[in-house]
Every structure is written in structure tokens, then in C-alpha cells.
Amino acid sequence: MLRIESEELRVDIKEEGAELHSVFDKTRGQELLWQGGALWKEQAPVLFPFIGRLQGKHYFYNEKKYPMSLHGFARENAFRIVECEEDSCILELRDTAVTRQSYPFSFRLRQEYRVEGKRLLIETKVENLGVETLYFGLGLHPGFQLFTPEEKISEFEVYFPKLGDRKPEQILFSKDCLTKKEKGKNPLQGNLLSLSSALFKKDAVVLSETNGALFIRKKGEERGLYLEYPDYSYIGFWQPYGKDAAFLCLEPWTSLPGRDGVEEDIAKKEDFLSLLPEEEKSFHCTIQLQ
């Protein structure tokens, strides 16, 4: 377990999956991150090289079929510690003979965490170390303990401060959590999304075109949690339906799960990202207490 901290925050990171284990607000004496349990055993998995599910739990590349589990394999692998300072750390995952059985690419995935005051900055870098184009999806999946036992999710709302004239669309999913062709109606009222447990009856709520920033707060209050995700195209919200869960996952995604009824060819999936040999790309996310 690695630990980084500032005067206001203490953050613990696991080598397994480079997953956040604790985000502790020293000034309030409050743990912000879900600590795992029967409702959901994970806390903040890194999603790579796929997000969500695939039709038939497999995909094709160069006419060959490859298996792929839910949310990819990064969360199931131990990352190597590259460096660790008092206020920052970098971990990395590289391809192995095992990963190439399900993902035939040479890559480096680096996860950097840095604390500055009440901000936690997360930079994820993907590098193509191979000789052919690298195709991938990337996402974050932190679960935040936002509600006390006395509070309900319906007492909270999400404000999108940078929305402007954009009108987000809701991504719809099949009963198997695969992406549908049709889009849902904009669930926002102006810049606000009112939260309720009913929102998650059909699994995650995923929105496009939110311009990379949100602020979640209790209605009528100014304090809350600010999340900025400028390099991610989608934002997802999830908690187990009907379980009165004390956490809510805020999930920046670069791409969507597999399409309903389509056995995906990774080189033809339009929303997937790609890197040419020796190229790299960084993705940034900021978690800030306000």
C-alpha cells in the first residue's frame, strides 16, 4: 500500500490495479472513498483496455477472436511502482504473455496520483510500445461515500458548471448492459441532475456532452465534491439499484461498452481511441473538495 498526503488530504493506493483505497479529508476527519463491502467489493478500479461488457464476452482483431472480461484486465493486475514521493506516486502496467492472450498489443499504462491541498490529481498515460496501431478504451470508476445513514440519495444533485449550450444525451443499455443504438432524452433540468435510486433501475446512467466537469452536493448546500474530467467523453453514475447504498460511483469514460447484438472488431469500433507506434496520450481527472 502506498500513501501520499498534503496538509488536507491523505490518500492510499493499492498496487493491485493501481486502485485508490482511501481518500481521507483531514480537515473534516472524513473518509470520502467507499471502503468496499457486500454491495460492491471494489473501490475505484481503473478500466482498461475495455469499458463495460462485450457481446459474447469477446471481440475480434485481424479476424481472430479474443476473450475480454468486464471492464478489462488492468484492475486484476499488480502495477509496478515507478516512483513514490510524499505527495505523489506513479505506478505502471505493461503487457505480458498473459495479457497478450486477450489483448495482443504492446503497451504501457501509467497511473499517477498527486495531492495538492484539497485536490487529488489523477493522470493516466497510455503508450503504444508496439509496431502496430493500439486500440483501447479507458475509464475511472471511483465510488464516493457521499451519504450518511440518515441521508438519502434523493437529497443530492449534480450540477454541471461548464455545460454552456450543450444538451447531454443519455446512453441507453440493453438488459445485458450493452450499448443501444438509440439515445435517451436529456435527463437534466437546466444544468442540474436530480439524483434518486430509481435512476439506476436499468444499471448505470451515462451521459455524453457534459464538457468535462461536475459538482455533486446536497440540495441547498454549497459544499460538495468537484470532479473535472476534460479528456473523457462520457460520465457515468452508478450504484446498486434498490440497495440504499451509501456510495455513488462517478465514472469518466473515453468510450462505451460493446454494442447490443454486435460482435465488435476492435479496429472498427468508432468510439475507441487509437495510438500509432511510439505515440502516447494522457488523460486527466481532478477530485476536489469544496
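As the structure is a computational prediction, the values presented were derived from the model and not from experiment.

Participant: Now, about the overall build of the chain: what can you tell me, with residues and values included?
Facilitator: From N to C terminus, the chain includes one helix and 25 strands. Its C-alpha atoms give the chain a radius of gyration of 19 Å, near enough to 19 Å, the size a compact globule of 290 residues would have. For the chain, the spread of C-alpha atoms along the three principal axes comes to 55 × 45 × 40 Å. Taken over 290 residues, the chain has a buried fraction of 52%. Across the chain, contacts joining residues at least 24 apart in sequence account for 64% of those joining residues at least 6 apart. Summing over all exposed atoms, the chain offers an accessible surface of approximately 13700 Å²; the carbon and sulfur share of this is 44%. Separation between the mean location of the 40 positive side-chain charges and that of the 48 negative ones in the chain comes to 5 Å.

Participant: Would you mind going over the side chain of Thr99 in detail, with residue names and values included?
Facilitator: Tracing the backbone through its elements, the reader meets Thr99 in helix H1 (residues 99–102). Setting aside residues no more than four positions away along its own chain, Thr99 makes contact with Phe73 and Phe107.

Participant: Summarise the sheet that holds strand S10 (residues 107–116); cite the residues concerned and give the values.
Facilitator: Sheet architecture is open: nine strands sit in the order S8-S9-S10-S11-S25-S21-S20-S15-S18, paired in antiparallel fashion. With partners counted over all chains shown, the strands left at the sheet margins are strand S8 (80–84) and strand S18 (192–194), one partner each. Looking at each pair of strands side by side, their axes are set apart by 15° on average, direction ignored. Here strand S20 (residues 213–218) pairs with strand S21 (residues 224–228) via five bridges, running antiparallel. Each bridged residue has a counterpart across the sheet, and for Arg217 the counterpart in S21 is Gly224.

Participant: Tell me about the pairing of strand S16 (residues 170–173), residues and numbers included.
Facilitator: Sheet topology note: the S16/strand S17 (residues 179–184) ladder contains three bridges and is antiparallel. Note that in S17 the partner of Gln170 across the bridge is Gly184. Linking S16 back to S17 in an antiparallel pair, the connection comprises five residues, with Cys177 at a positive phi of about 65°. Pairing of S16 with strand S19 (residues 205–208), which is carried by two bridges, proceeds in the antiparallel orientation. Paired with Ile171 across the strands is Val206, a residue of S19.

Participant: Run through the nonpolar core, naming residues and quoting values.
Facilitator: One finds Leu20, Tyr103, Tyr113, Leu120, Phe160, Phe237 and Leu248 to be the most contacted residues of the largest nonpolar core, which totals 70 residues. Apart from the residues lying within four places of it in its own chain, the contact partners of Phe237 are Val158, Phe160, Leu193, Phe200, Ala204, Val205, Leu207, Leu214, Leu248, Cys249 and Leu250. Grouped together as the second largest cluster of nonpolar side chains are 15 residues, Trp34, Trp40, Ile51 and Trp238 included.

Participant: Describe a negative patch on the surface, listing the residues and the values that go with them.
Facilitator: Judged by side-chain charge, Glu83, Glu85, Glu86 and Asp87 come together as a negatively charged surface patch. What makes Glu85 partly exposed here is its relative accessible area of 46%.

Participant: If you had to explain unusual backbone geometry to someone new, which residues and values would you point to?
Facilitator: With omega at 0°, the peptide bond leading from Phe48 into Pro49 counts as cis. Inspection of the secondary structure puts Pro49 in the loop between strand S5 (46–47) and strand S6 (58–61). For Glu278, which is not glycine, the phi torsion reads 75° and is therefore positive. Relative to the helices and strands, Glu278 is located in the loop between strand S24 (273–275) and strand S25 (280–289).

Participant: Quick rundown of the packing of aromatic side chains? Include the residues and the values.
Facilitator: Counting across every chain of the model gives 21 aromatic pairs. Ring centres of Trp40 and Phe247 lie 5.6 Å apart, and the angle between their planes is 25°; this geometry places the pair in the stacked category. Of the two residues, Trp40 is situated in the loop between strand S4 (30–31) and S5 and Phe247 in the loop between strand S22 (234–238) and strand S23 (248–253); the sequence distance between them amounts to 207 residues. A cation over an aromatic ring shows up here: Lys281 above the ring of Phe283, its NZ or CZ 5.4 Å from the ring centre.

Participant: Provide a residue-level description of the pairing of strand S7 (residues 64–67), including the pertinent values.
Facilitator: Where S6 meets S7, four bridges bridge the pair, whose relative direction is antiparallel. Residue pairing for S7: Tyr59 is matched across the bridge by Tyr66. Counted between consecutive antiparallel strands, the loop separating S6 from S7 contains two residues, among which Asn62 sits at a positive phi close to 50°.

Participant: Which residues make up the environment of Arg80, and what values go with them?
Facilitator: Assignment of secondary structure puts Arg80 in strand S8. When the C-alpha positions of Arg80 and Leu93 are compared, they lie 6.4 Å apart, and in sequence the two are 13 residues distant. Dropping the residues within four chain positions of it, Arg80 is found in contact with Ile90, Leu91 and Glu92.

Conventions used here
- Residues numbered from 1 in each chain as written.
- Predicted model: local features only at pLDDT ≥ 70, side-chain atom pairs only at ≥ 80, totals over all residues.
- Heavy atoms only, no water.
- Helix = DSSP H or I, 4+ residues; strand = E, 2+ residues; numbered from the N terminus.
- Rg over C-alpha atoms; globule rule 2.2 N^0.38 Å.
- Buried < 20%, exposed > 50% of the residue type's maximum accessible area, 1.4 Å probe, protein only.
- Contact = heavy atoms within 4.5 Å.
- Areas by Shrake-Rupley, 256 points an atom, 1.4 Å probe, with all protein chains shown as cover.
- Lys, Arg positive; Asp, Glu negative; His and termini not counted.
- Charge placed at Lys NZ, Arg CZ, Asp CG, Glu CD.
- Pairing = 2+ DSSP bridges.
- Axes fitted to C-alpha atoms, helices over the stretch in contact; angles between N-to-C directions.
- Core = buried A, V, L, I, M, F, W, Y, C linked by side-chain atoms within 4.5 Å.
- Patch = residues over 30% accessible without salt bridge, like charges linked within 9 Å, V, L, I, M, F, W, Y side chains within 5 Å.
- Salt bridge = Lys/Arg side-chain N within 4 Å of Asp/Glu carboxyl O.
- Phe/Tyr/Trp six-rings, centres within 6.5 Å; stacked < 30°, edge-to-face > 60°.
- Lys NZ or Arg CZ within 6 Å of the ring centre and 35° of its normal.

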